[in-house]
Structure formats: C-alpha cells, structure tokens
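Spelled out from the first residue to the last, the chains are:
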Amino acid sequence: MEAIRITKRVESDYLSELKQFKGRKVEIIIFPLDEHKKVKINKLFGSILDLPDGLKFQNKIRNEWKD
C-alpha cells in the first residue's frame, strides 16, 4: 500500500473537515482508494497470533460478571 504523509499548517478551510483545524499544524495522510487493492477483512482473520479469539475473549469477560 502506498500513502503520502504531509505535515502542514492549515491556512484554508477549503474542505469543511479542515475548518476546526485552521491555524493549527496537522498531519495529513492520503491513502488511495483503489478497489482492487482493498484488503478484505476475512484475509486478516488469524493473522495476529498474539490476540485471543474475539468470541472466546468476549464470553470470558461476560462470564466474569455472572453471579
């Protein structure tokens, strides 16, 4: 994935999303939205081995609150 990272002071409110940041230094990250390059969430399942199974973890937490 390619991205552009820009650090710049916002001088304009050309984009309505920038209005709240006018006069402040911000970081802008631009990611292309190429449909063919989007990562499907299913491809990530199980890719981070340090994380517990989400459903098992959720059930464990809920069981701790049961009487």
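Note that the coordinates shown come from a computational prediction; the quantities given were computed from them, not determined experimentally. (Residues numbered from 1 in each chain as written. Predicted model: local features only at pLDDT ≥ 70, side-chain atom pairs only at ≥ 80, totals over all residues. Heavy atoms only, no water.)

A. Spotlight on the overall build of the protein chain. Check the secondary structure of the protein chain and you find two helices and two strands. Order of helices (α) and strands (β) in the protein chain, N terminus to C terminus: β-β-α-α. Long-range contacts, defined here as pairs at least 24 residues apart, represent 32% of the contacts in the protein chain between residues at least 6 apart. Entry remark: accessible area of the protein chain is about 7200 Å², with carbon and sulfur atoms responsible for 56%. (Helix = DSSP H or I, 4+ residues; strand = E, 2+ residues; numbered from the N terminus. Contact = heavy atoms within 4.5 Å. Areas by Shrake-Rupley, 256 points an atom, 1.4 Å probe, with all protein chains shown as cover.)

B. Representation of helix α2 (residues 54-65) in the model. Its twelve residues give α2 an end-to-end C-alpha distance of 17 Å, which sits within 8% of 16 Å, the value for a rise of 1.5 Å per residue. With zero of twelve residues buried, α2 lies mostly on the surface of the structure. Residue aspartate 53 occupies the N-cap position of α2, its side-chain oxygen lying 3.2 Å from the main-chain nitrogen of leucine 55. (Expected span 1.5 Å × (residues − 1). Buried < 20%, exposed > 50% of the residue type's maximum accessible area, 1.4 Å probe, protein only. Polar contact = N/O pair within 3.5 Å; in protein donor to acceptor, adjacent residues only side chain to side chain.)

C. Structural context of the confidence of the model for the protein chain. The predicted model of the protein chain averages 76 in pLDDT, with 75% of residues at 70 or higher. For the protein chain, helix α1 (residues 41-44) is the element with the lowest average pLDDT, namely 70, and α2 is the one with the highest, namely 85. (pLDDT = per-residue confidence, 0-100.)

D. Structural context of a nonpolar patch on the surface. Taken together, Phe57, Ile61 and Trp65 make up a surface patch of nonpolar side chains, about 370 Å² in accessible area. Mapped onto the elements, tryptophan 65 comes out in helix α2. The class for tryptophan 65 is exposed, based on a relative accessible area of 72%. (Patch = residues over 30% accessible without salt bridge, like charges linked within 9 Å, V, L, I, M, F, W, Y side chains within 5 Å. Salt bridge = Lys/Arg side-chain N within 4 Å of Asp/Glu carboxyl O.)

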